[in-house]
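Chain and residue survey
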Amino acid sequence: MLGCVAQQEGEKIFERAPHVSLVCGSASYRKLPQMLAQLEAGKSEAPNPAARKVQAESLIRITGLDDRETDKCFETEFTARTNPHRGYITIIEGCDKFCSYCVVPFTRGKERSRTAESVLAEARQMADLGYTEIQLLGQNVNSYKDPTGGSSGKKKTFAELLAAVGEVPGIRRVRFTTSHPRDFGRDIVDAIDAVPTLCDHVHLPVQSGSDRVLNAMQRLYTREQYLERIAWMKSAKREISITSDIIVGFPGETEEDFAETLALLDEVGYDSVFTFKYSPRPNTPSLALDDAIPDQEKSRRLKR
Ligand code: SF4
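The structure contained in this document is the topic of the report that follows. (Residues numbered from 1 in each chain as written. Predicted model: local features only at pLDDT ≥ 70, side-chain atom pairs only at ≥ 80, totals over all residues. Heavy atoms only, no water.)

Moving on: the overall build of the protein. From N to C terminus, the protein includes 13 helices and 10 strands. In the protein, of all internal contacts separated by at least 6 residues, the share reaching a separation of at least 24 is 72%. With the model as given, the accessible surface of the protein reaches about 15,500 Å², and the carbon-plus-sulfur share is 52%. (Helix = DSSP H or I, 4+ residues; strand = E, 2+ residues; numbered from the N terminus. Contact = heavy atoms within 4.5 Å. Areas by Shrake-Rupley, 256 points an atom, 1.4 Å probe, with all protein chains shown as cover.)

Structure, rendered in structure tokens:
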């Protein structure tokens, strides 16, 4: 079992699901080959007890967070690519934002960026292998910080990296997810205008149209600041498709707050939105908030 929930729940997963043989959190993917080898070795020696021991040992290592907290830079060695045309490149891991409903900062740790040099080397390698579309990935790609600047010593901003990937010969489309409005700069819109291979699409999650709810969510921007970013995109030379995420029924969300979200949807005129009912996540600050919205009401808001 892999991923954020594995990272957070750790050993408890073995209690709940004894048939699970390996738990590896998102911080420890690099250790997977050794863990699988250990698991296999354990199994061949003494099927059940030894395998179980390997799980426990692996788990102690993978749930440690210390190495991640000092690690400002990271490299990915393993990327599964099943589509012959489109491939993903992770450019940044972790998140420093701490939205009050989200487990990611606790499971993925602090932000660490890859060097622009290594991202570009991977993009060129992918182009050589025949890939034509690249999607740059990160919990918050907009806060990308080139750790070294490479041989030139000039550190690239996210917009500069985006443009450079778009200029790799053979690459015909470049997308990126996910953006955080707080760090979304106008230079990203300028890059989309200037480099035709960058897709004319931005996914910019707003979550709520109410400043009161945005504040309770600890999203670090106001409705006005969000709409300013939308205005940059609407004034671009290219017609940029805009999509978003919305959470309805956050604790304490009043009918007026919800009406502000609906009004924002009308005002922006998104091409598409992913909409969700708020659901509490273990160990997140919003768990302690009063005024839970009844599920029926959340469903009604979601439907509207
Ligand atoms: S920015 Fe995204 S990943 Fe980071 S805490 Fe907020 S919702 Fe979670």
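What links the strands of a sheet is backbone hydrogen bonding, and the strands pair in either a parallel or an antiparallel sense. Spatially, the 3 strands line up as an open sheet ordered β8-β9-β10, and their pairing is parallel. Among the strands making up the open sheet, the edge pair consists of β8 (201–203) and β10 (272–277). Pairwise comparison of adjacent strand axes, ignoring direction, gives a mean angle of 10 degrees for this sheet. Where β8 meets strand β9 (residues 241–248), 3 bridges bridge the pair, whose relative direction is parallel. Its bridge partner being in β9, H203 is matched across the sheet by T243. (Pairing = 2+ DSSP bridges. Axes fitted to C-alpha atoms, helices over the stretch in contact; angles between N-to-C directions.)

To continue, consider the sheet that holds strand β7 (residues 173–177). Pairing is parallel in the open sheet, where 3 strands are placed in the order β3-β6-β7. Sheet topology places β3 (86–90) and β7 at the edges, where each strand pairs with a single neighbour. Strand-to-strand twist in this sheet, taken as the mean axis angle between neighbours without regard to direction, amounts to 20 degrees. Both β3 and strand β6 (residues 133–137) contribute to a ladder of 5 bridges, which runs parallel.

A few words on the environment of F274. Mapped onto the fold, F274 is located in strand β10. Judged by relative accessible area, F274 falls into the partly exposed class, the value being 48%. The spacing of F274 and Q207 is 67 residues in sequence and 9.6 Å in space, taken between C-alpha atoms. For F274, the residues in contact, after removing those within four places along its chain, are H203, S244, D245 and I246. (Buried < 20%, exposed > 50% of the residue type's maximum accessible area, 1.4 Å probe, protein only.)

Around the ligand sit C95, K97, F98, C99, Y101, C102, V104, P105, H180 and R219, and those are all the residues in its vicinity. Per-class residue counts for the shell around the ligand are 7 nonpolar, 1 polar and 2 charged. (Near = heavy atom within 4 Å. Nonpolar A, V, L, I, M, F, W, Y, C, P; charged D, E, K, R; others polar.)

Time to look at helix α13 (residues 295–303). The complete set of buried residues in α13 reads E297, K298 and R301. Axial view of α13: buried residues confined to an arc of 100 degrees, hence all on one face. Among the exposed residues of α13, those pointing more than 90 degrees away from its buried face are Q296 and K303. In this structure, the buried side of α13 is in contact with β9, α12 (255–268) and β10. (Arc of directions from axis to C-beta.)

Remark: helix α8 (residues 158–166) packs on helix α9 (residues 186–194), axes separated minimally by 8 Å, with the N-to-C direction vectors making an angle of 15 degrees. Compared by their axis directions, α8 and α9 come out roughly parallel. Here the hand of the crossing between α8 and α9 comes out right-handed. Touching F158, A159 and L162 of α8 are D187, I188 and A191, all from α9. The residue makeup of the contact of α8 with α9, split by class, is 5 nonpolar, no polar and 1 charged. (Parallel < 35°, antiparallel > 145°, perpendicular 65-115°, else oblique. Left-handed = near helix turned anticlockwise from the far one by under 90°.)

Let us look at the packing of aromatic side chains. Counted under the stated rule, the structure contains 5 aromatic pairs. Relative to F106, the ring of F98 lies with its centre 5.5 Å away and its plane at 70 degrees, an arrangement referred to as edge-to-face. Exposure remark for F106: the relative accessible area of 35% places this residue in the partly exposed category. Taken together, a centroid distance of 5.4 Å and an interplanar angle of 70 degrees make the contact between F158 and F176 edge-to-face. With F158 in helix α8 and F176 in strand β7, the pair connects residues that are 18 residues apart, well separated along the chain. We note that F158, like F176, is buried. Against the face of Y131 rests R81, its NZ or CZ located 5.9 Å from the ring centre. (Phe/Tyr/Trp six-rings, centres within 6.5 Å; stacked < 30°, edge-to-face > 60°. Lys NZ or Arg CZ within 6 Å of the ring centre and 35° of its normal.)

Before going further, it helps to examine the nonpolar core. Among the nonpolar cores identified, the biggest contains 51 residues, and I91, L136, F158, V165, F176, Y226 and M233 are the most heavily contacted of them. Elements with a contribution of two residues or more to this core: α7 (116–128), β6, α8, β7, α9, α11 (223–234), β9 and α12. Counting residues per element, this core draws most heavily on α8, at 7 residues. Setting aside residues no more than four positions away along its own chain, V165 makes contact with V119, L120, A123, I134, L136, I171 and V174. By size, the runner-up hydrophobic cluster in this structure holds 7 residues, among which are Y101, I247, F250 and Y278. (Core = buried A, V, L, I, M, F, W, Y, C linked by side-chain atoms within 4.5 Å.)

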